[in-house]
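Chains, contacts and geometry: an overview
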Amino acid sequence: MKFRIERDTLADAVAWTARSLPIRPSVPVLAGLLIETSNDGLTLSGFDYETSTRATLPAEVADDGRALVSGRLLAEIVKSLPNKPVDVSLDGTKVSVVCGSARFSLQTMPVEEYPQLPDMPSSSGSVKSEAFASAVSQASAAAGRDEMLPLLTGVRLEMEGSTISLMATDRFRASLRDLEWYPEKSDISAQALVPAKVLSETARSLVSGGDITIAISSGDAGEGLIGFEGIVGSGTRRTTTRLLEGDFPRVRQLFQTLAETVAYVHTQTFVDSVKRVALVAERNTPVRLTFADGQLLLEAGSGDEAQASESIEATINGPDISIGFNPSYLLEGLAVMSEPVVHLSFTQHTKPAAIAGVQEVGAEPDFAFRYLIMPVRLQS
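Residues numbered from 1 in each chain as written. Predicted model: local features only at pLDDT ≥ 70, side-chain atom pairs only at ≥ 80, totals over all residues. Heavy atoms only, no water.

1. A look at the side chain of glutamate 158
Examined against the element boundaries, glutamate 158 turns out to sit in strand S11 (residues 154–160). Judged by its relative accessible area of 17%, glutamate 158 falls in the buried class. At a separation of 2.7 Å, a polar atom in the side chain of glutamate 158 contacts the side chain of arginine 156. Those residues in contact with glutamate 158, other than ones at most four positions away along the chain, are Thr163, Ile164, Ser165, Met167, Ala190, Gln191 and Arg252. (Helix = DSSP H or I, 4+ residues; strand = E, 2+ residues; numbered from the N terminus. Buried < 20%, exposed > 50% of the residue type's maximum accessible area, 1.4 Å probe, protein only. Polar contact = N/O pair within 3.5 Å; in protein donor to acceptor, adjacent residues only side chain to side chain. Contact = heavy atoms within 4.5 Å.)

Right, here's the structure in full:
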(Lines give C-alpha, C1' and ligand atoms only; values in the text may rest on other atoms or scores of the structure.)
Protein backbone atom coordinates (compact mmCIF):
# COMPACT_ATOMS: atom_id res chain seq x y z
CA MET A 1 0.00 0.00 0.00
CA LYS A 2 1.42 3.35 -1.05
CA PHE A 3 -0.22 6.63 -2.00
CA ARG A 4 0.18 10.42 -2.08
CA ILE A 5 -2.55 12.94 -1.30
CA GLU A 6 -3.01 16.59 -0.35
CA ARG A 7 -2.88 17.23 3.40
CA ASP A 8 -6.22 19.10 3.70
CA THR A 9 -8.09 16.47 1.69
CA LEU A 10 -6.69 13.64 3.82
CA ALA A 11 -7.16 15.44 7.14
CA ASP A 12 -10.81 16.20 6.44
CA ALA A 13 -11.60 12.64 5.34
CA VAL A 14 -9.73 11.01 8.24
CA ALA A 15 -11.41 13.28 10.80
CA TRP A 16 -14.85 12.51 9.35
CA THR A 17 -14.28 8.74 9.21
CA ALA A 18 -12.76 8.56 12.71
CA ARG A 19 -15.53 10.58 14.37
CA SER A 20 -17.65 7.52 15.16
CA LEU A 21 -14.84 5.32 16.45
CA PRO A 22 -15.40 4.21 20.06
CA ILE A 23 -13.16 5.66 22.78
CA ARG A 24 -13.29 2.41 24.75
CA PRO A 25 -13.86 -0.29 22.12
CA SER A 26 -15.13 -3.72 23.12
CA VAL A 27 -12.60 -5.19 20.68
CA PRO A 28 -9.25 -3.39 20.12
CA VAL A 29 -9.49 -3.44 16.31
CA LEU A 30 -12.68 -1.34 16.46
CA ALA A 31 -10.49 1.64 17.40
CA GLY A 32 -8.80 1.21 14.07
CA LEU A 33 -9.31 3.08 10.82
CA LEU A 34 -9.08 0.88 7.74
CA ILE A 35 -7.00 2.33 4.88
CA GLU A 36 -7.44 0.72 1.46
CA THR A 37 -5.92 1.66 -1.89
CA SER A 38 -6.92 0.45 -5.36
CA ASN A 39 -7.28 1.67 -8.92
CA ASP A 40 -10.35 3.59 -7.73
CA GLY A 41 -8.29 5.66 -5.28
CA LEU A 42 -8.26 5.75 -1.48
CA THR A 43 -10.95 4.41 0.86
CA LEU A 44 -11.06 5.11 4.61
CA SER A 45 -13.45 3.12 6.82
CA GLY A 46 -14.57 2.98 10.44
CA PHE A 47 -17.04 0.66 12.18
CA ASP A 48 -18.21 -0.03 15.74
CA TYR A 49 -20.84 -2.68 14.94
CA GLU A 50 -23.56 0.00 15.17
CA THR A 51 -22.44 2.80 12.84
CA SER A 52 -20.11 2.59 9.85
CA THR A 53 -18.39 5.43 8.01
CA ARG A 54 -16.65 5.18 4.64
CA ALA A 55 -14.95 7.95 2.67
CA THR A 56 -13.77 7.37 -0.89
CA LEU A 57 -11.48 10.00 -2.39
CA PRO A 58 -8.98 10.38 -5.23
CA ALA A 59 -5.28 9.85 -4.52
CA GLU A 60 -2.07 9.07 -6.42
CA VAL A 61 -1.94 5.33 -5.72
CA ALA A 62 1.41 3.61 -6.33
CA ASP A 63 0.61 0.24 -4.71
CA ASP A 64 -2.68 -1.41 -3.84
CA GLY A 65 -3.12 -2.69 -0.29
CA ARG A 66 -4.81 -2.25 3.07
CA ALA A 67 -3.77 -1.44 6.61
CA LEU A 68 -5.47 -0.86 9.95
CA VAL A 69 -4.14 1.85 12.30
CA SER A 70 -5.41 3.80 15.32
CA GLY A 71 -8.02 6.15 13.86
CA ARG A 72 -7.86 8.85 16.52
CA LEU A 73 -4.05 8.92 16.47
CA LEU A 74 -3.97 9.17 12.68
CA ALA A 75 -6.50 12.00 12.79
CA GLU A 76 -4.37 13.95 15.28
CA ILE A 77 -1.21 13.37 13.26
CA VAL A 78 -2.65 14.36 9.88
CA LYS A 79 -4.29 17.46 11.36
CA SER A 80 -0.89 18.64 12.66
CA LEU A 81 1.03 18.15 9.41
CA PRO A 82 2.33 21.10 7.34
CA ASN A 83 0.33 22.09 4.28
CA LYS A 84 2.20 19.86 1.84
CA PRO A 85 1.48 16.59 0.00
CA VAL A 86 1.38 13.55 2.31
CA ASP A 87 3.00 10.22 1.42
CA VAL A 88 1.59 7.16 3.18
CA SER A 89 3.00 3.64 2.79
CA LEU A 90 2.90 0.25 4.47
CA ASP A 91 6.27 -1.15 5.44
CA GLY A 92 5.98 -4.50 7.18
CA THR A 93 3.92 -3.99 10.32
CA LYS A 94 4.26 -0.20 10.29
CA VAL A 95 2.52 2.55 8.35
CA SER A 96 4.77 5.44 7.40
CA VAL A 97 3.37 8.97 7.13
CA VAL A 98 5.70 11.56 5.57
CA CYS A 99 4.91 15.22 4.94
CA GLY A 100 7.77 17.59 4.20
CA SER A 101 10.39 16.90 6.87
CA ALA A 102 7.80 15.45 9.31
CA ARG A 103 7.85 11.66 9.60
CA PHE A 104 5.64 9.34 11.61
CA SER A 105 5.58 5.57 11.97
CA LEU A 106 2.37 3.91 13.20
CA GLN A 107 1.96 0.36 14.43
CA THR A 108 -0.67 -1.55 12.49
CA MET A 109 -3.45 -3.71 13.92
CA PRO A 110 -4.35 -7.17 12.52
CA VAL A 111 -6.45 -6.24 9.51
CA GLU A 112 -7.77 -9.79 9.16
CA GLU A 113 -9.59 -9.37 12.50
CA TYR A 114 -11.45 -6.26 11.35
CA PRO A 115 -15.19 -6.85 10.81
CA GLN A 116 -16.71 -6.46 7.38
CA LEU A 117 -18.65 -3.23 6.96
CA PRO A 118 -22.35 -3.59 6.16
CA ASP A 119 -23.37 -2.97 2.57
CA MET A 120 -25.27 0.17 1.70
CA PRO A 121 -28.98 -0.74 1.38
CA SER A 122 -30.66 -0.19 -1.98
CA SER A 123 -31.60 3.45 -2.54
CA SER A 124 -34.99 4.68 -1.35
CA GLY A 125 -34.63 8.24 -2.65
CA SER A 126 -32.70 11.49 -2.36
CA VAL A 127 -33.04 14.87 -0.66
CA LYS A 128 -31.34 18.27 -0.93
CA SER A 129 -28.46 18.28 1.56
CA GLU A 130 -28.98 21.77 3.01
CA ALA A 131 -32.73 21.27 3.44
CA PHE A 132 -32.14 17.91 5.10
CA ALA A 133 -29.54 19.31 7.50
CA SER A 134 -31.92 22.10 8.52
CA ALA A 135 -34.81 19.67 9.01
CA VAL A 136 -32.70 17.28 11.11
CA SER A 137 -31.47 20.17 13.28
CA GLN A 138 -35.04 21.27 13.96
CA ALA A 139 -36.48 17.82 14.60
CA SER A 140 -33.64 16.60 16.82
CA ALA A 141 -34.11 19.58 19.18
CA ALA A 142 -36.80 17.54 20.96
CA ALA A 143 -34.93 14.22 21.01
CA GLY A 144 -34.12 12.70 24.39
CA ARG A 145 -30.61 12.60 25.83
CA ASP A 146 -31.25 9.87 28.42
CA GLU A 147 -29.50 6.69 27.25
CA MET A 148 -31.62 4.73 29.74
CA LEU A 149 -34.53 5.44 27.37
CA PRO A 150 -32.88 4.67 24.01
CA LEU A 151 -36.18 4.71 22.08
CA LEU A 152 -36.59 8.43 22.83
CA THR A 153 -33.04 9.32 21.74
CA GLY A 154 -34.03 8.74 18.13
CA VAL A 155 -35.63 10.75 15.34
CA ARG A 156 -38.41 8.94 13.52
CA LEU A 157 -38.40 9.26 9.74
CA GLU A 158 -41.64 8.54 7.92
CA MET A 159 -41.47 8.43 4.12
CA GLU A 160 -44.85 8.72 2.45
CA GLY A 161 -44.75 9.52 -1.26
CA SER A 162 -42.77 12.73 -1.87
CA THR A 163 -42.74 13.79 1.81
CA ILE A 164 -40.38 12.84 4.64
CA SER A 165 -41.63 13.60 8.15
CA LEU A 166 -39.07 13.81 10.95
CA MET A 167 -40.32 13.67 14.54
CA ALA A 168 -38.85 13.38 18.00
CA THR A 169 -39.93 13.56 21.63
CA ASP A 170 -38.44 13.18 25.09
CA ARG A 171 -41.91 13.22 26.76
CA PHE A 172 -41.54 16.90 27.76
CA ARG A 173 -41.52 18.34 24.24
CA ALA A 174 -42.03 17.10 20.71
CA SER A 175 -41.09 18.18 17.20
CA LEU A 176 -42.50 17.54 13.74
CA ARG A 177 -40.80 18.60 10.50
CA ASP A 178 -42.12 17.84 7.02
CA LEU A 179 -39.69 17.90 4.10
CA GLU A 180 -39.96 17.32 0.36
CA TRP A 181 -37.75 14.62 -1.12
CA TYR A 182 -37.38 12.59 -4.32
CA PRO A 183 -38.28 8.93 -3.79
CA GLU A 184 -37.26 6.12 -6.14
CA LYS A 185 -40.89 4.94 -6.11
CA SER A 186 -43.77 7.43 -5.93
CA ASP A 187 -45.83 5.14 -3.70
CA ILE A 188 -43.10 4.53 -1.14
CA SER A 189 -44.16 4.02 2.47
CA ALA A 190 -41.36 3.40 4.96
CA GLN A 191 -40.39 4.22 8.54
CA ALA A 192 -37.10 4.34 10.42
CA LEU A 193 -36.08 5.32 13.95
CA VAL A 194 -32.54 6.70 13.69
CA PRO A 195 -30.29 7.65 16.62
CA ALA A 196 -30.51 11.45 16.77
CA LYS A 197 -26.79 11.96 17.38
CA VAL A 198 -25.77 9.90 14.35
CA LEU A 199 -28.42 11.53 12.17
CA SER A 200 -27.38 15.06 13.20
CA GLU A 201 -23.67 14.45 12.63
CA THR A 202 -24.32 12.78 9.29
CA ALA A 203 -26.61 15.54 8.01
CA ARG A 204 -24.11 18.26 9.01
CA SER A 205 -21.16 16.44 7.43
CA LEU A 206 -22.91 16.02 4.06
CA VAL A 207 -24.32 19.55 3.80
CA SER A 208 -21.66 20.76 1.36
CA GLY A 209 -22.79 18.28 -1.27
CA GLY A 210 -25.76 18.50 -3.61
CA ASP A 211 -28.11 15.63 -2.82
CA ILE A 212 -28.05 12.99 -0.10
CA THR A 213 -29.11 9.47 -0.98
CA ILE A 214 -31.17 7.78 1.74
CA ALA A 215 -31.54 4.01 1.76
CA ILE A 216 -33.43 1.77 4.18
CA SER A 217 -32.85 -1.97 4.19
CA SER A 218 -35.76 -4.39 4.11
CA GLY A 219 -36.36 -8.11 4.17
CA ASP A 220 -33.36 -10.42 3.91
CA ALA A 221 -31.05 -7.56 2.93
CA GLY A 222 -30.55 -6.77 6.61
CA GLU A 223 -33.56 -5.51 8.50
CA GLY A 224 -32.97 -2.48 10.66
CA LEU A 225 -30.32 -0.52 8.75
CA ILE A 226 -30.34 2.94 7.17
CA GLY A 227 -27.69 4.44 4.94
CA PHE A 228 -26.82 7.98 3.84
CA GLU A 229 -24.47 8.87 0.99
CA GLY A 230 -23.34 12.15 -0.50
CA ILE A 231 -20.57 13.73 -2.53
CA VAL A 232 -18.23 16.00 -0.56
CA GLY A 233 -15.52 17.78 -2.50
CA SER A 234 -14.05 15.30 -4.97
CA GLY A 235 -14.99 12.24 -2.94
CA THR A 236 -17.95 10.24 -1.65
CA ARG A 237 -18.99 9.74 1.96
CA ARG A 238 -21.27 7.00 3.21
CA THR A 239 -22.70 6.25 6.64
CA THR A 240 -24.82 3.33 7.77
CA THR A 241 -26.33 2.84 11.21
CA ARG A 242 -28.56 0.32 12.92
CA LEU A 243 -32.09 1.49 13.62
CA LEU A 244 -33.56 1.76 17.09
CA GLU A 245 -36.34 -0.68 17.89
CA GLY A 246 -39.64 -0.19 19.70
CA ASP A 247 -43.02 1.50 19.41
CA PHE A 248 -42.34 5.21 19.05
CA PRO A 249 -44.95 7.57 20.57
CA ARG A 250 -47.59 8.89 18.17
CA VAL A 251 -46.12 12.35 17.92
CA ARG A 252 -48.22 13.58 14.99
CA GLN A 253 -51.47 13.24 16.97
CA LEU A 254 -50.16 15.66 19.61
CA PHE A 255 -50.31 18.55 17.12
CA GLN A 256 -53.95 18.17 16.12
CA THR A 257 -55.54 20.19 18.95
CA LEU A 258 -57.35 23.43 18.00
CA ALA A 259 -55.98 26.56 19.66
CA GLU A 260 -58.01 28.91 21.84
CA THR A 261 -55.32 31.60 22.16
CA VAL A 262 -52.77 32.53 19.48
CA ALA A 263 -49.88 34.93 20.04
CA TYR A 264 -47.19 36.43 17.81
CA VAL A 265 -43.81 37.54 19.20
CA HIS A 266 -40.64 38.60 17.38
CA THR A 267 -38.27 35.65 17.61
CA GLN A 268 -34.99 37.33 18.60
CA THR A 269 -36.69 39.67 21.08
CA PHE A 270 -38.37 36.65 22.68
CA VAL A 271 -35.11 34.65 22.85
CA ASP A 272 -33.16 37.53 24.41
CA SER A 273 -35.87 38.17 26.99
CA VAL A 274 -36.16 34.50 28.01
CA LYS A 275 -32.38 34.29 28.42
CA ARG A 276 -32.30 37.34 30.69
CA VAL A 277 -35.24 36.36 32.87
CA ALA A 278 -34.05 32.74 33.12
CA LEU A 279 -30.83 33.87 34.81
CA VAL A 280 -32.65 33.80 38.15
CA ALA A 281 -34.56 30.58 37.49
CA GLU A 282 -33.31 27.83 39.76
CA ARG A 283 -32.81 24.32 38.37
CA ASN A 284 -36.09 22.79 37.17
CA THR A 285 -38.10 25.94 37.94
CA PRO A 286 -40.16 27.53 35.17
CA VAL A 287 -40.31 30.88 33.48
CA ARG A 288 -43.87 32.25 33.66
CA LEU A 289 -45.32 33.72 30.46
CA THR A 290 -48.44 35.90 30.74
CA PHE A 291 -50.09 36.99 27.50
CA ALA A 292 -52.48 39.92 28.05
CA ASP A 293 -53.22 43.45 26.79
CA GLY A 294 -50.86 43.29 23.83
CA GLN A 295 -47.93 42.37 26.06
CA LEU A 296 -45.99 39.25 27.00
CA LEU A 297 -44.83 39.44 30.62
CA LEU A 298 -41.98 37.08 31.47
CA GLU A 299 -41.25 36.31 35.13
CA ALA A 300 -38.94 33.99 37.06
CA GLY A 301 -38.02 33.49 40.71
CA SER A 302 -40.25 33.85 43.75
CA GLY A 303 -40.32 34.47 47.49
CA ASP A 304 -36.94 35.19 49.06
CA GLU A 305 -35.06 34.10 45.93
CA ALA A 306 -33.77 36.35 43.14
CA GLN A 307 -36.55 37.52 40.86
CA ALA A 308 -36.76 38.92 37.34
CA SER A 309 -39.48 40.23 35.04
CA GLU A 310 -39.62 41.81 31.60
CA SER A 311 -42.39 42.84 29.20
CA ILE A 312 -42.20 42.66 25.43
CA GLU A 313 -44.70 43.46 22.69
CA ALA A 314 -47.02 40.66 21.55
CA THR A 315 -50.05 40.33 19.29
CA ILE A 316 -52.68 38.19 21.01
CA ASN A 317 -55.85 36.66 19.60
CA GLY A 318 -58.11 34.94 22.12
CA PRO A 319 -58.40 34.80 25.92
CA ASP A 320 -55.51 35.91 28.15
CA ILE A 321 -53.33 33.06 29.38
CA SER A 322 -50.56 32.54 31.92
CA ILE A 323 -48.36 29.47 31.47
CA GLY A 324 -44.99 28.18 32.71
CA PHE A 325 -42.23 26.49 30.73
CA ASN A 326 -38.83 24.98 31.41
CA PRO A 327 -36.64 27.81 30.00
CA SER A 328 -34.08 25.41 28.50
CA TYR A 329 -36.74 23.49 26.57
CA LEU A 330 -38.28 26.76 25.39
CA LEU A 331 -34.95 28.20 24.23
CA GLU A 332 -33.92 25.00 22.45
CA GLY A 333 -37.13 25.14 20.44
CA LEU A 334 -36.76 28.84 19.63
CA ALA A 335 -33.11 28.33 18.62
CA VAL A 336 -34.10 26.24 15.59
CA MET A 337 -36.78 28.67 14.35
CA SER A 338 -35.47 30.35 11.20
CA GLU A 339 -38.37 32.81 10.76
CA PRO A 340 -38.40 36.34 12.26
CA VAL A 341 -41.70 35.88 14.11
CA VAL A 342 -42.89 33.09 16.43
CA HIS A 343 -46.48 31.86 16.30
CA LEU A 344 -47.59 30.38 19.65
CA SER A 345 -50.88 28.52 20.07
CA PHE A 346 -52.45 27.52 23.39
CA THR A 347 -55.52 25.64 24.58
CA GLN A 348 -55.19 25.72 28.40
CA HIS A 349 -52.38 26.52 30.82
CA THR A 350 -52.19 22.81 31.70
CA LYS A 351 -51.98 21.62 28.09
CA PRO A 352 -49.00 21.59 25.69
CA ALA A 353 -48.34 24.70 23.62
CA ALA A 354 -47.33 24.59 19.95
CA ILE A 355 -44.68 26.89 18.45
CA ALA A 356 -44.07 27.58 14.76
CA GLY A 357 -42.26 30.23 12.75
CA VAL A 358 -43.86 32.78 10.40
CA GLN A 359 -42.54 35.62 8.26
CA GLU A 360 -44.71 38.35 9.77
CA VAL A 361 -47.21 39.05 12.54
CA GLY A 362 -50.66 37.76 11.66
CA ALA A 363 -49.46 35.24 9.07
CA GLU A 364 -50.66 31.66 9.19
CA PRO A 365 -47.80 29.17 9.66
CA ASP A 366 -47.23 26.58 6.94
CA PHE A 367 -46.52 24.06 9.71
CA ALA A 368 -43.48 22.65 7.93
CA PHE A 369 -41.90 22.69 11.41
CA ARG A 370 -43.76 22.58 14.70
CA TYR A 371 -42.42 22.34 18.24
CA LEU A 372 -44.63 21.27 21.12
CA ILE A 373 -43.70 21.96 24.74
CA MET A 374 -45.32 20.70 27.93
CA PRO A 375 -46.11 23.36 30.55
CA VAL A 376 -44.72 23.31 34.09
CA ARG A 377 -47.17 23.77 36.94
CA LEU A 378 -46.90 27.27 38.37
CA GLN A 379 -46.84 28.03 42.07
CA SER A 380 -49.88 30.13 42.94
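2. A few points about the nonpolar core
If you look at the biggest cluster of nonpolar residues, it comprises 64 residues, and the most contacted ones within it are Phe132, Leu166, Ile214, Phe270, Leu289 and Phe291. The leading source of residues in this core is helix H3 (residues 129–139), at five residues. Ignoring anything within four residues of it in the chain, the contact list for isoleucine 214 reads Ser123, Ser124, Gly125, Val127, Phe132, Met159, Ile164, Trp181, Ile226, Gly227 and Phe228. By size, the runner-up hydrophobic cluster in this structure holds 29 residues, among which are Trp16, Ala67, Leu74 and Leu81. (Core = buried A, V, L, I, M, F, W, Y, C linked by side-chain atoms within 4.5 Å.)

3. Overview of the pairing of strand S9 (residues 102–107)
Here strand S8 (residues 94–99) pairs with S9 via six bridges, running antiparallel. When the sheet's bridge partners are listed, lysine 94 is paired in S9 with glutamine 107. With antiparallel pairing between neighbouring strands as the criterion, S8 and S9 make up a hairpin whose turn holds two residues, including glycine 100 at a positive phi of roughly 65 degrees. (Pairing = 2+ DSSP bridges.)

4. A closer look at the packing of helix H5 (residues 267–277) against helix H6 (residues 327–335)
Taken N-terminus to C-terminus, the directions of H5 and H6 make an angle of 155 degrees; their axes are 10 Å apart at the nearest point. The orientation of H5 with respect to H6, classified from their angle, is roughly antiparallel. Two packed elements cross with a definite hand, and for H5 against H6 that hand is left-handed. Listed contacts from H6 to Thr267, Phe270, Val271, Val274 and Lys275 of H5 are Pro327, Leu330, Leu331 and Leu334. In terms of residue class, the contact of H5 with H6 is built from seven nonpolar, one polar and one charged. (Axes fitted to C-alpha atoms, helices over the stretch in contact; angles between N-to-C directions. Parallel < 35°, antiparallel > 145°, perpendicular 65-115°, else oblique. Left-handed = near helix turned anticlockwise from the far one by under 90°. Nonpolar A, V, L, I, M, F, W, Y, C, P; charged D, E, K, R; others polar.)

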